[in-house]
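Next come the chains, spelled out residue by residue.
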Amino acid sequence: MSKTGSELATRLGVAFVLIGLAFAALYSGGVGFWMVVSVIGVLMMGEWAMLAGANLKGKRLAQYAISVPLAAMLPGLAPELGSTGQEFLALGLIIGVFFFLAIVAKGGQLALGAFYVGLPVLALVTIREQPVQGMLLTFWAMALVWACDSAAYFAGRAIGGPKLAPAISPNKTWAGFLGGVAGATLFAFVLVWLFDLPVALAWATPVLAVLAQLGDLFESHLKRCAGVKDSGNLLPGHGGVLDRLDGLVASAPVAALLVLWLVR
């Protein structure tokens, strides 16, 4: 097998494993879903610390610190608070981690990782814990990003044209950007039609698709500033965890607010 073919096979193999893990966590819900997204959150914080220029001590400190609000997101941890109370507790701890890292580690960018990691994890756990259609709502929030990425890739390759942000990501085009928004929106309307989800989710999807692509560009900017190609090397053929989840990081918190507005 050629080197290119071997790299493609590795990339596809890892992609299938990641998809399988995502669906297994999504289906299990509860503690299983929380455990998977929390581990991912710790890994994301490690990569964020690297992009922020932190040393090994700073990286470990940030990972230990973010573990506190992630632990507070465990479903059913504080039944006396109710789900809303527990969500506010976790949010307060995320803010606490921000100030802790800003003061102790004296790193402003490192401290911002508390929000960059903590908010999307809290958002996904909150959506999955919804008593009505929690699994489908979480699938919508996650899969719209996948649909956006796939549609953007194929539209960009097929159409080409003017570059979207050549100084940040030379390969992205306006055609890909618009194709990603269209693909995610079409996916959302199909999902709403098949499973009788609130139609407002489909109408909001174009905004979330835009946020997902801005999240992708933001992470590309961080990598350029750090002088690295990938945020990590944990996933062969894919780079780091942040490389795969940068769009979801940006869109998940807004998706959660929308779900809470519609469901509660």
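(A) Quick look at the overall build of the protein. Assigned secondary structure in the protein consists of 9 helices and 2 strands. Order of helices (α) and strands (β) in the protein, N terminus to C terminus: α-α-α-α-α-α-β-β-α-α-α. For 264 residues, the compact-globule estimate of 2.2 N^0.38 gives 18 Å, and the protein sits close to it at 18 Å. Taking all 264 residues of the protein together, the buried fraction comes to 45%. Summarising the internal contacts of the protein: among those between residues at least 6 apart in sequence, 70% fall at separations of at least 24. Summed over all atoms, the accessible surface of the protein reaches about 13100 Å², with 71% contributed by carbon and sulfur. The distance from the centre of the 15 positive side-chain charges to the centre of the 12 negative ones in the protein is 10 Å.

(B) Spatial organisation of the pairing of strand β2 (residues 169-173). Bridging between strand β1 (residues 163-165) and β2 involves 2 bridges; their strand directions are antiparallel. Looking at the pairing, Lys163 lines up with Thr173 of β2. Here β1 folds back onto β2, and the loop between the two strands holds 3 residues.

(C) Region of the structure containing the pattern of salt bridges. In the structure shown here, the tally under the stated rule is 3 salt bridges. Of the charged contacts, one joins Lys223 and Glu219 as a salt bridge, the two residues approaching to 3.7 Å between their closest N and O atoms. In this pair, Lys223 and Glu219 both sit in helix α8 (residues 199-226), 4 residues apart, roughly one turn of the helix. Under the relative-accessibility criterion, Lys223 is labelled buried at 12%. Between Lys223 and Asp243 there is a salt bridge, and its shortest N-O distance comes to 2.9 Å. Of this pair, Lys223 sits in helix α8 while Asp243 is found in helix α9 (residues 241-263), placing the two residues 20 residues apart along the sequence. Both residues of the pair, Lys223 and Asp243, belong to the buried class. Connected through shared salt-bridge partners, Glu219, Lys223 and Asp243 make up one network.

(D) View of the nonpolar core. With 62 residues, the main nonpolar core has Met73 and Trp140 as its most contacted residues. Ranked by residues supplied to this core, first place goes to helix α5 (residues 108-128) with 11 residues.

(E) Representation of the packing of aromatic side chains within the structure. As enumerated under the stated definition, the model contains 10 aromatic pairs in all. Note on Phe23 and Phe139: the rings are 5.9 Å apart at their centroids and 40° apart in plane angle, and the pair reads as tilted. Within this pair, whereas Phe23 is found in helix α1 (residues 3-28), its partner Phe139 is found in helix α6 (residues 134-159), the two being separated by 116 residues in sequence. Looking at Phe23, the relative accessible area reads 39%, which means it is partly exposed. Residues Phe23 and Trp146 carry aromatic rings whose centres are separated by 6.2 Å and whose planes lie at 55° to one another, so their mutual orientation is tilted. In this pair, Phe23 is assigned in helix α1 and Trp146 in helix α6, connecting sequence segments 123 residues apart. Ring pairing ties together the aromatic residues Phe23, Phe139, Trp146 and Phe187, which thus form one cluster.

(F) Region of the structure containing the packing of α5 against α6. At their nearest, the axes of α5 and α6 sit 7 Å apart, and the two run at 145° to each other. Contacts between α5 and α6 involve Leu124, Ile127 and Arg128 from the former and Gly134, Met135, Leu137, Thr138, Ala141 and Met142 from the latter. Classifying every residue of the contact of α5 with α6 gives 6 nonpolar, 2 polar and 1 charged.

Parameters and conventions
- Residues numbered from 1 in each chain as written.
- Predicted model: local features only at pLDDT ≥ 70, side-chain atom pairs only at ≥ 80, totals over all residues.
- Heavy atoms only, no water.
- Helix = DSSP H or I, 4+ residues; strand = E, 2+ residues; numbered from the N terminus.
- Rg over C-alpha atoms; globule rule 2.2 N^0.38 Å.
- Buried < 20%, exposed > 50% of the residue type's maximum accessible area, 1.4 Å probe, protein only.
- Contact = heavy atoms within 4.5 Å.
- Areas by Shrake-Rupley, 256 points an atom, 1.4 Å probe, with all protein chains shown as cover.
- Lys, Arg positive; Asp, Glu negative; His and termini not counted.
- Charge placed at Lys NZ, Arg CZ, Asp CG, Glu CD.
- Pairing = 2+ DSSP bridges.
- Salt bridge = Lys/Arg side-chain N within 4 Å of Asp/Glu carboxyl O.
- Core = buried A, V, L, I, M, F, W, Y, C linked by side-chain atoms within 4.5 Å.
- Phe/Tyr/Trp six-rings, centres within 6.5 Å; stacked < 30°, edge-to-face > 60°.
- Axes fitted to C-alpha atoms, helices over the stretch in contact; angles between N-to-C directions.
- Nonpolar A, V, L, I, M, F, W, Y, C, P; charged D, E, K, R; others polar.

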